[in-house]
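Structural overview for review
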Amino acid sequence: MSLLDRMTLEEKIGQMTQLTLGAVIDSARLREAIVTRHVGSILNVVDTALTLDGWHALIRRIQDIATKDTRLGMPILYGIDFVHGANYTRGGTIFPHNIGMAATFDPDLVREAAEVTAREALASGLPWNFAPVLDVGRQPLWPRFYETFGEDPYLAARLGEAAVTGMQSSGRVAATMKHYLGYSAPRTGWDRTPAALTERDVREHFLPPFRAAAAAGADAVMLNSGDIDGMPVHASRRWVTDVLRGELGFKGVIVTDYADVTFLHTRHHVAPTMRDAVRLAINAGIDMCMTPDNYEFADELLALVRDGTIPEHRIDESVRRILNLKTKLGLLSHPYPDDAAQAEFATDASRRVAQRAARASITLLKNDGHVLPLQKSARVFLTGPGATSLTMLNGGWTYTWQGTDASHFPDAPTLRDALRRRVQLVESPAEADVAVVVLGEDAYAEWVGDIDDLTLPEPQLALAKSVEGKGVPTVLVLLEGRPRIIRDVADGAKGIVMAYWPGMRGAEAIADVLLGDVNPSGRLPFTYPRYPNALILDDHRFTEILSRGFDRKPDAFYPQFAFGTGLSYTTFAYRDLRVDGLTVRVTVTNTGTRQGRDAVLLFTHQHYASLAPAVRRLARFTTVDLVPGESRVVTFTLSRETLSYVGQDGRPVFEAGAFDAMVGDLTTTFTVGP
Ligand code: BGC
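Note that the structure is a prediction, hence the values are computed from the model and not measured. (Residues numbered from 1 in each chain as written. Predicted model: local features only at pLDDT ≥ 70, side-chain atom pairs only at ≥ 80, totals over all residues. Heavy atoms only, no water.)

1. Observations regarding the environment of serine 318
Convention followed: A run of H or I in DSSP becomes a helix once it reaches four residues, and a run of E becomes a strand once it reaches two; helices and strands are each numbered from the N terminus. Using a 1.4 Å probe on the protein chains alone, a residue whose accessible area is under 20% of its type maximum counts as buried, one over 50% counts as exposed, and one in between counts as partly exposed. Contact definition: two residues touch when any of their heavy atoms are within 4.5 Å. Whenever two N or O atoms come within 3.5 Å, that pair is a polar contact, provided that in protein one can donate a hydrogen and the other can accept it, and provided that, for residues adjacent in sequence, both atoms are side-chain atoms.
Its location among the elements puts serine 318 in helix α15 (residues 312–328). What makes serine 318 buried here is its relative accessible area of 0%. Linking serine 318 and glycine 252, residues 66 residues apart in sequence, is a C-alpha distance of 9.4 Å. Leave out the neighbours within four places in its chain, and serine 318 touches Met16, Ile286 and Asp287. Polar side-chain contacts of serine 318 include one of 2.6 Å to the side chain of aspartate 287.

Okay, structure coming up:
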C-alpha cells in the first residue's frame, strides 16, 4: 500500500497545512500541531535569525516529534525566506538584493549566489526556500521592488531560471518561484493592493519569468496575495490551474502566501465565509495553505470533503505533490540537519561570491569630468545617512524581517569604515577635494515600506543641495531599494553611483569602485524616473510619450536614467551591427585605457504590427571582458518567438515584416518573412 493510501483524510489535510513558527514555538502547541493536527509544514523565524546551532536544535526538536511520535513518521517540510542569501541564519552570507543582482546582467553569477544560498540553507537544516522572487518590477513605488530582477521580463526570466537552477542544484533544497502572478504591479504602488492589468499585459510582462522558472524545474510556487482586475489570484482557477499547471506545465507544490486564504473572506470579500474561501482556493488549485497560525483551513477543508463538495481525489492530488517533494528532497531518509553541512556555512568562498556580486552590481550613472575614480590622495568629505549605516547597505530581510536592527549583523564595515582605511576623510566640504554624499532608503520589507511619494525625502535632498552649493565636486552614492526621485540634486552632482542594497560586502565594494580598484560594470535594470508622475518604462509604446505640443511628437521620454545605463572607467565602442537571417553580430571594442566588462544589450523593435508595438524590447544580452584595444564579435541568435508579441487572444503572434536591431547607438533594419 502506498503512503498516501495509508493516510487518513485528517492526515492528508494536515500535510496541506502550513503554520508559522511563532504559532508553535511553545512545546505543547508544537506537539498539538504535529501529532494531533498532522501539520506537514512550518515556516519562518520568530523575530530574528537563529544561529546555526539554534536552527539545528529547533529542526531536531520538530523532526523528533514528527518522525517518532506520529503514526506515519512523516517529516516536516520547513520553509524559509532566504531572499538574498542566508538572511535568517546568524552570520549567513548576505548578497545584494535581486535588483542589484539584476544589474550584473550575469546569469552565472546569479546561479552561483543561489548555490551559496542553498548550501547555507542546507547547513541550517532548511530544505525549502521561498525564493526567487520572479515578480517583474514595473511599479517603482512598490515596496518589494528591490526583491525583483527589475522591469524587463526577458532579463527577469533569464536570471530567474538561473536562480532556480542554482538553488536546486544539490537536489536537496527546493526553490519557490514567487509570487505568481501580477503582484508587482499594484496600481497605487502599495503592497498587496490590486493590479489593474489586461490579460495581454500579464502575459507579455509578468508571466515570462514564471514560464522560464517552471521550465527550469522549480519545485514550488507561492501565489500572489493581491488581485488582478478584481480576481484574487489564489481564487483563480484560470490563472492557477489552467495557466500555471496547464500552459506552463508546472508540476510542483503550490502554496498560498501568508493568511491569504483567510483574506479571500476578510479582505477581498469574494467569499462570504471561511468555508467558501477554502473551497475557492482548493478549486483554484492550491496544494498548501500558509494559514499561518490556526486550523480553520484544515477544519473547513475537512468539512468540505465530508459533505462531498470537494472530492477526496482532489486532496490526494495535492498531498501526492507534497509527499513527492519531501521524498525528492531526501527528507524521508534524512529528516535531520546534516552536521557535516555546517562546514559549508559562511565560508570564505561564499563571502567572495558576495563580494563579487556586490562589486558587479554597482552602477555608475554619471561621471562628469571624470570625478571618479577618486585619487588615492584625495581629501574626501563624507556625509549622508548611508555613510554610517549598515541597515542601509543590506535592506529588508536581513537577519530580521524589516532588516532595521543592526545589532544582529555580523561584523562588517560601514562605508565610512571602508573609506577611512583608504583615503583621508575631512570634516568639512571646505577642506575637501571631493564630497561623497550617501543617500537613499533605510531598510524596510513588504507593506511597511509603502510610500505616497517616490521623491527622496526632503532632508536628504537639502543635504545634497547644501553640499553641492559649497562648490566642491560632489558624488552621490545611492543606497536604495527603488528609484527615489533625485531630480533636484542630480544635475548639481558630478558623479552618481547606484549601489542598490548591496549586502554585507557592499561598503568595501562601493569603496573599491569609488577608488577605482574595481572598474564598475553594473547596468540599471529599470528606468530611473525623473518625475514621480512620469513612470514610463523602457518598453513603452510611441503613444505613451506623446509630447504636449500641437504636433504631438513621441519625444516625451526623459527619464533620469534609461534602462541599461551604466558607465565604466574605460570606454566601449560598437561597430558593424549586422543581421543575417536571425543571427545578429556586433563588434565591441574597449577603446579606453583600462580593462573592463561591458554588458552588451540587444533590443528589437517591430516597425508595424497589428497591435501598437513597443519602441524597443530587450531581446538578448551578454557580458564581455576586454583589455584596452581588444575587440570581440558578439553573436546573438534571435528566434521568431523573441520577435513575437502577445496578441488579443492572449497567444503569441509573429507578424512578418521589418524590424530594427539596436545595440548601443547602432540600429540596423532587417526583415523576417512569414
Ligand atoms: C510574503 C512572502 C513570504 C511569506 C513568508 C509573506 O508576507 O509575502 O514573500 O514568503 O510572508 O514569510
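2. Side note on the sheet that holds strand β19 (residues 596–606)
Threshold: DSSP bridges decide pairing: two strands pair if at least two such bridges lie between them. Every axis in this analysis is a line fitted to C-alpha atoms, fitted for helices over the stretch in contact. Angles between the N-to-C directions lie between 0 and 180 degrees.
One open sheet accounts for four strands, arranged β20-β19-β24-β25; its pairing is antiparallel. The outermost strands of the open sheet, each flanked by one partner alone, are β20 (617–626) and β25 (666–672). The sheet shows a mean angle of 20° between the axes of neighbouring strands, taken without regard to direction. Direction of pairing for β19 relative to β20: antiparallel, over a ladder of nine bridges. Residue leucine 601 lies in a different strand from β20, and its bridge partner there is phenylalanine 621.

3. Description of the packing of aromatic side chains
For the record, the criterion: Pairing of aromatic side chains here covers Phe, Tyr and the six-membered ring of Trp, requires ring centres within 6.5 Å, and sorts the geometry by plane angle: under 30 degrees stacked, over 60 edge-to-face, intermediate tilted.
In this structure the tally under the stated criterion is 21 aromatic pairs. Taking 6.2 Å as the distance between ring centres and 75° as the angle between the ring planes, the aromatic pair formed by phenylalanine 105 and phenylalanine 563 counts as edge-to-face. Here phenylalanine 105 is found in the loop between α6 (98–103) and α7 (107–124), whereas its partner phenylalanine 563 is found in the loop between α21 (506–514) and β17 (572–580), with 458 residues between them in sequence. According to the relative accessible area criterion, phenylalanine 105 is buried, its value standing at 1%. When its relative accessible area of 4% is taken as the criterion, phenylalanine 563 is described as buried. With 5.0 Å between their ring centres and 75° between their planes, tryptophan 128 and phenylalanine 130 make a pair best called edge-to-face.

4. Some thoughts on the pairing of strand β6 (residues 220–223)
Burial along β6 is two-sided: Ala220 and Met222 facing one way and Val221 and Leu223 facing the other are all buried. Pairing between strand β5 (residues 176–180) and β6: four bridges, direction parallel. Directly across from methionine 177, in β6, lies its bridge partner valine 221. Pairing geometry for β6 and strand β9 (residues 253–255), over three bridges, is parallel. Bridging from a neighbouring strand, methionine 222 pairs with valine 255 of β9.

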